[in-house]
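Overview (structure and organization)
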Amino acid sequence: AAANASLQLNPDDLDQAMQLTDQALALEANMNTQMFKVKLLEKQGKTTEVDALRAKAIENAGPTELFSYAMSLNNEGKKEECLKILNLNLEKHPDHQFTYMGFGHYYRTLKDPRTVEYWKKAYEMAPENAKGFYYYQWGYAASQLDPPR
């Protein structure tokens, strides 16, 4: 967070942002911080380091981190990359509701009927205290299809 704030205050000082990012990574090497460093490295044109760090971040990510990363790719219009990460999440975490929630979001943006089956699966896998959210999303997804299902 400090590195991002530093970069927003002084967009030209990549060195300061990188220093703060490295300090954060020394405390906890989570995917969000690693991917922020990827963006800094991209701005510096360090493609070899970018590819290695991105691969490491993805390899060590949990289901919620992979879901978040896939959704950021989806929001950037990188549909093919998004689907690749969603499939990786399914391979690594087939028993987690966030895996299916990712597919639900992805297919809803495409207005693809598969959105309904993925929201239903996420609902079925969700803990009791989250079922209401998934039930709503499942119904909403179905209502957005033409014709509704």
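Residues numbered from 1 in each chain as written. Predicted model: local features only at pLDDT ≥ 70, side-chain atom pairs only at ≥ 80, totals over all residues. Heavy atoms only, no water.

**Details of the overall build of the chain**
- Each helix and strand in the chain was counted, giving 9 helices and 0 strands.
- Reading the chain from its N terminus to its C terminus gives the helix and strand order α-α-α-α-α-α-α-α-α.
- Looking at the 149 residues of the chain, the share that counts as buried comes to 40%.
- Taking the contacts inside the chain whose residues are at least 6 apart along the sequence as the reference set, 43% of them involve residues at least 24 apart.
- When the accessible surface of the chain is split by element, carbon and sulfur atoms take 50% of a total near 8800 Å². (Helix = DSSP H or I, 4+ residues; strand = E, 2+ residues; numbered from the N terminus. Buried < 20%, exposed > 50% of the residue type's maximum accessible area, 1.4 Å probe, protein only. Contact = heavy atoms within 4.5 Å. Areas by Shrake-Rupley, 256 points an atom, 1.4 Å probe, with all protein chains shown as cover.)

**So, the environment of D22**
- Among the structural elements, D22 can be located in helix α2 (residues 14-27).
- For D22, a relative accessible area of 33% translates into the label partly exposed.
- The sequence separation of D22 and Q34 amounts to 12 residues, and the corresponding C-alpha distance is 9.0 Å.

**So, the nonpolar core**
- With 35 residues, the main nonpolar core has M31, Y69, C82, I85, L86 and Y134 as its most contacted residues.
- Elements that contribute at least two residues to this core include exactly α2, α3 (31-43), α4 (47-60), α5 (63-75), α6 (79-92), α7 (97-109), α8 (114-125) and α9 (131-143).
- Discounting chain neighbours no more than four positions away, the residues touching I85 are I58, L66, Y69, A70 and L73. (Core = buried A, V, L, I, M, F, W, Y, C linked by side-chain atoms within 4.5 Å.)

**Brief notes about α8**
- Helix length check: α8 (12 residues) gives 17 Å between terminal C-alpha atoms against 16 Å at 1.5 Å per residue, within 8%.
- Regarding α8, the residues found buried are T115, V116, Y118, W119 and A122.
- The inward-facing, buried residues of α8 abut α7 and α9. (Expected span 1.5 Å × (residues − 1).)

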